[in-house]
Every structure is written in C-alpha cells, then in structure tokens.
Amino acid sequence: MLEAIKIAKKGIGKTKTNPLVGAVVSSQGEIISKGFHEEYGQNHAEINALEKVAVKNTTLHVTLEPCSHHGKTPPCINQIISKNVKRVVIGTKDPNQKVNGEGIKKLKEAGVDVSVGCLEDQCKLLNYSYLTGILRGRASVTVKVATSIDGKVAAADGTSQWITSKKSREDGKSLRNEHDAIMVGSGTVIKDNPKLDRKSGIEEWKKILIDRREKVEKTSKIFKNGKVYLWGTGKEPSKGNIHQLNIKTLKELLEEVRKKNIQSVLCEGGKLAAELIKQNLADKIIVYMSPKIIGVKGIGFSPDNWTTLSESKKLSNVSIKTIGNNVRMEGYLTNVHRDN
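All of the points below concern the structure found in this document. Computed from a prediction, not measured in an experiment: that's the story for all the values here.

1. Concerning the overall build of the protein
When helices and strands are tallied, the protein shows 10 helices and 16 strands. Relative to the compact-globule value of 20 Å for 340 residues, the protein shows a C-alpha radius of gyration of 22 Å, a close match. Over its C-alpha atoms, taken along the principal directions, the protein stretches across nearly 70 × 45 × 35 Å. Counting across all 340 residues of the protein, residues that qualify as buried make up 49%. Sequence separation of 24 or more characterises 67% of the internal contacts of the protein that already satisfy a separation of 6 or more. Counting only carbon and sulfur atoms, one obtains 47% of the accessible surface of the protein, whose full area is about 17000 Å². Taking the average place of the 57 positive charges on the side chains of the protein and the average place of its 37 negative ones, the gap between the two points comes to 2 Å.

2. Brief notes about the packing of aromatic side chains
The description of an aromatic ring pair uses the distance of the two centres, along with the angle that the planes make with each other. Under the defined criterion, the tally for this structure stands at one aromatic pair. When the centroid spacing of 5.1 Å and the interplanar angle of 80° are considered together, the rings of Tyr128 and Tyr332 count as edge-to-face. A residue pair is termed long-range when its members are at least 10 positions apart, and Tyr128 in helix H6 (residues 128-136) and Tyr332 in strand S16 (residues 326-332) qualify at 204 residues. Assessed through its relative accessible area of 7%, Tyr128 is described here as buried. We classify Tyr332 as buried; its relative accessible area is 8%.

3. Side note on the sheet that holds strand S3 (residues 59-64)
Reading across from one edge, S2-S1-S3-S4-S5 is the order of the five strands in this open sheet, with mixed pairing throughout. Each end of this open sheet is capped by a strand with a single partner; those strands are strand S2 (30-36) and strand S5 (113-116). The average angle at which neighbouring strand axes cross in this sheet is 15°, direction not considered. Where strand S1 (residues 22-27) meets S3, four bridges bridge the pair, whose relative direction is antiparallel. Its bridge partner lying in S3, Val24 is registered against His61. Docked against the sheet, helix H4 (residues 102-109) engages strand S4 (87-92) and S5, running at close to 155° with respect to S5.

4. Details of the sheet that holds strand S13 (residues 284-289)
Adjacent strands of a sheet form backbone hydrogen bonds with each other and so pair up, either parallel or antiparallel. As summarised here, the arrangement of the nine strands in space is S11-S10-S9-S8-S12-S6-S13-S16-S15, forming an open sheet in which the pairing is mixed. Of all the strands in the sheet, the pair left with one neighbour each is strand S11 (242-244) and strand S15 (316-323). Between one strand axis and the next, the sheet turns by 20° as a mean value, whatever way the strands run. The sheet contact formed by strand S10 (residues 227-231) and S11 spans three bridges and is parallel.

5. Remarks on the environment of Lys314
With respect to the helices and strands, the residue Lys314 is situated in the loop between strand S14 (299-300) and S15. Since its relative accessible area comes to 73%, Lys314 is described here as exposed. Note: C-alpha distance between Lys314 and Ser68 (246 residues apart in sequence) is 38 Å. Once residues within four sequence positions are removed from consideration, Lys314 is found in contact with Tyr332 and Leu333.

6. Describing helix H9 (residues 250-258)
Where H9 is concerned, the buried positions are Leu250, Leu253, Leu254 and Val257. End-on view of H9: buried residues confined to an arc of 95°, all on one side of the axis. The elements touched by buried residues of H9 are strand S6 (140-147), strand S8 (181-185), strand S9 (206-210), S10, strand S12 (264-268) and helix H10 (270-278).

7. A word on the side chain of Ser26
Tracing the backbone through its elements, the reader meets Ser26 in strand S1. Judged by relative accessible area, which is 15%, Ser26 ranks as buried. Those residues in contact with Ser26 that sit more than four places away from it in its chain are Ile31, Ile32, Thr58 and Thr59.

8. Comments concerning the pairing of S2
Direction of pairing for S1 relative to S2: antiparallel, over a ladder of six bridges. For Val24, the partnering residue across the bridge sits in S2 and is Lys34. Where S1 folds back onto S2 in an antiparallel hairpin, the turn is made up of two residues, including Gln28, whose phi is positive at roughly 55°.

9. Focus on the environment of Gly111
Along the chain, the position of Gly111 falls in the loop between H4 and S5. Sequence-wise, Gly111 and Gly226 are 115 residues apart; in three dimensions their C-alpha atoms are separated by 49 Å.

The rules behind these values
- Sequence positions are assigned chain by chain, starting from 1 and proceeding in written order.
- For a predicted model such as this one, the threshold for reporting local features is a pLDDT of at least 70, and the threshold for listing and counting side-chain atom pairs is 80 or more; totals across whole chains, interfaces and linings nevertheless cover every residue.
- Computation of side-chain values covers all heavy atoms of the structure but excludes hydrogens and water.
- By definition, any uninterrupted DSSP run of H or I lasting at least four residues is a helix, any uninterrupted run of E lasting at least two residues is a strand, and each is numbered from the N terminus.
- Atoms considered for the radius of gyration are the C-alpha atoms alone. The globule rule reads 2.2 Å times the number of residues to the power 0.38.
- The buried label goes to any residue with under 20% of its type's maximum accessible area, the exposed label to any with over 50%, and the partly exposed label to all in between, with areas taken from a 1.4 Å probe on protein chains only.
- Any two residues having at least one pair of non-hydrogen atoms within 4.5 Å are treated as being in contact.
- Accessibility throughout is a Shrake-Rupley quantity obtained with a 1.4 Å probe, and a residue counts as covered only by protein chains that appear here.
- None of His or the chain ends enter the tally, which takes Lys and Arg as positive and Asp and Glu as negative.
- Taken as the charge centre is NZ of Lys, CZ of Arg, CG of Asp or CD of Glu, depending on the residue.
- Under the pairing criterion, centres of Phe, Tyr and Trp rings, with the six-membered ring standing for Trp, must be within 6.5 Å; the plane angle then separates stacked pairs below 30 degrees from edge-to-face pairs above 60, leaving the rest tilted.
- For two strands to pair, DSSP has to find at least two bridges joining them.
- Orientation is described by axes fitted as lines to C-alpha atoms, over the contacting stretch for helices, and by angles from 0 to 180 degrees between their N-to-C directions.
- The directions considered for the arc run from the helix axis to the C-beta atoms.

Take a look at the structure:
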C-alpha cells in the first residue's frame, strides 16, 4: 500500500475533481504491475495496473475503493473481476454517493476477498482535496506563507522581498503545479503585480482574484495568460479570459469553482489567508520560515480574533523539513480526512 500511495502522487495536479489513486498488483508476494490515475478522463489506476497482467489469483492493493459505475470510464470492478483477482486490499472507502461501498459490495458478491482500511489515514490524507470536495462541496484550500521566525510576513513598512531564501521561494512556486488554481487578493496584485506563472505544459493556468472593488488594473500581469476567475463588483460581464463570479461569500466562491473542475486552490496572500483561516475555509497550511526576526511591529498573516490560548488553531499531521537555513512546515487545519 505504501507503494500504491507513492505512485498515486504522480497524478497530483492532473486529476481535477477525480481522486488520486494508486494500484499495485502482486503475485506470490512479488509486485508484478503498478498503475495510477494519470489524468482526468483517462483510465483509473486499477485499469492501468491490471491491463498487462496475464496471471490469475493475484492481489490488488488500491488506495481508494474501486468504482462500480460508468463515468468518464467503465467501472473498475469489471476489470478486477474479469482478471480473476483473488484479493483486493483497499486503503479507504470512497464516500462519493456513486460509490460509497457499492464497489466493495459487488466485489464480494463476485467472490473476491476484500479488506478495507489498510493505511487508511495515509490514504485519506493523500486525497484530502477530493474528500473536501465530496464531503463539503467545495474546493480545498492550501495556504502558503513565508514568515520570519517571529511569524511576520512583512516589516512594519510593508517590505517583504525577500524574507525567505531563493530555494524556499522556488519550492513554494512548485506548489502551483500541484493545485488546480492559484488564488490571491487585490492587495497582493496591486503591491507585487505577480504573473502567477506555472510550469510550462500545464493544461490551463487558472487563477482566482478577489477584488471586490475592482481596483486591479486590467493591464496587470495576472490577466496576461490563463483563465482568471474574478470576484469583483459584478457590474462587468465575463470577457475574454476573465470570468466574473456572481457570489456573495468566500465559501460560495469555493463551491462555485469546484463546479468548474477546480478541486484544489493554492492561496498566496497574507490578508486573504487570514480571512480563510478565520472562516474555517483553510484546509492545509504550508509555512516557509526564515531565521530572521522582524519585530513586534511587523505584519503577521493570522487573524486577530482570538484572545486566549484555548481558542488557538492547531495543525494535525505536521511534517517539517529544512531547505538550506529555512524551515518548511506543513499541516492540516481541517480533519476532513477523518470524517468519512
């Protein structure tokens, strides 16, 4: 299952509203084939793993319950049964109402030995974006921030370039390729005029701009390429690559973009990040911390609505690594991966 989780991650940023899934086929204790869901609309992991397998009585380890319905592709359980798979080990059940235990049921009815819950927490974390979409009906949000060691994203005069090292900034920029859209507020665009570029070869560059008063000039770099979803005044119609969003709240925005095949959103921007955290809409936080001390008058990124320690937010499933003399820490604010 660890190998299935590992290869499933190869699909990050390419599956849209579909889950990340890895599958490993073994026979007599030896791995004979692997597969993962490579891209939205293409074969599922189980199909890719089983299509070249000729032997019978194999064991299939798969990170998520195989589907039993027709979607973009035929049901995976048909291939599993036709290939005479003897045993299927599933990481976690799929809460999608089109699946939700039906795949497990049909496999058992066909005489396949099925077990569920192998490395379940890890398999759920793998698909925190997908599970957020299914269980909460909105796109998941990862907040990315760069801070000093005392938690400041800018000095008192607003200067912030650069708090972290070049290697940390490059690592942070690579996160854009792992998410379906990049979201920023008007303040970030007016101050930095970012292009929000991504690695070449990405199917569509999608950006979300929060500009309620439409203060951002249309000549700004953010509009130069890709598709921009704009939450503005609503007075102007959608035109060219700018798509106006007729919504009232951040929650509605995340619900709306998910309908447009945006499953995961990367937020870059201090004030917007704070508001997402305040409204319990931030699911994951990635912090790049440098060994600089900016001081008490520096600008922080967290909300100011908590007065005592018991009200504070706590990250779960935290991982930490060093990047040169900087530290990258990531963890989860919501427990959607434990709710199904």
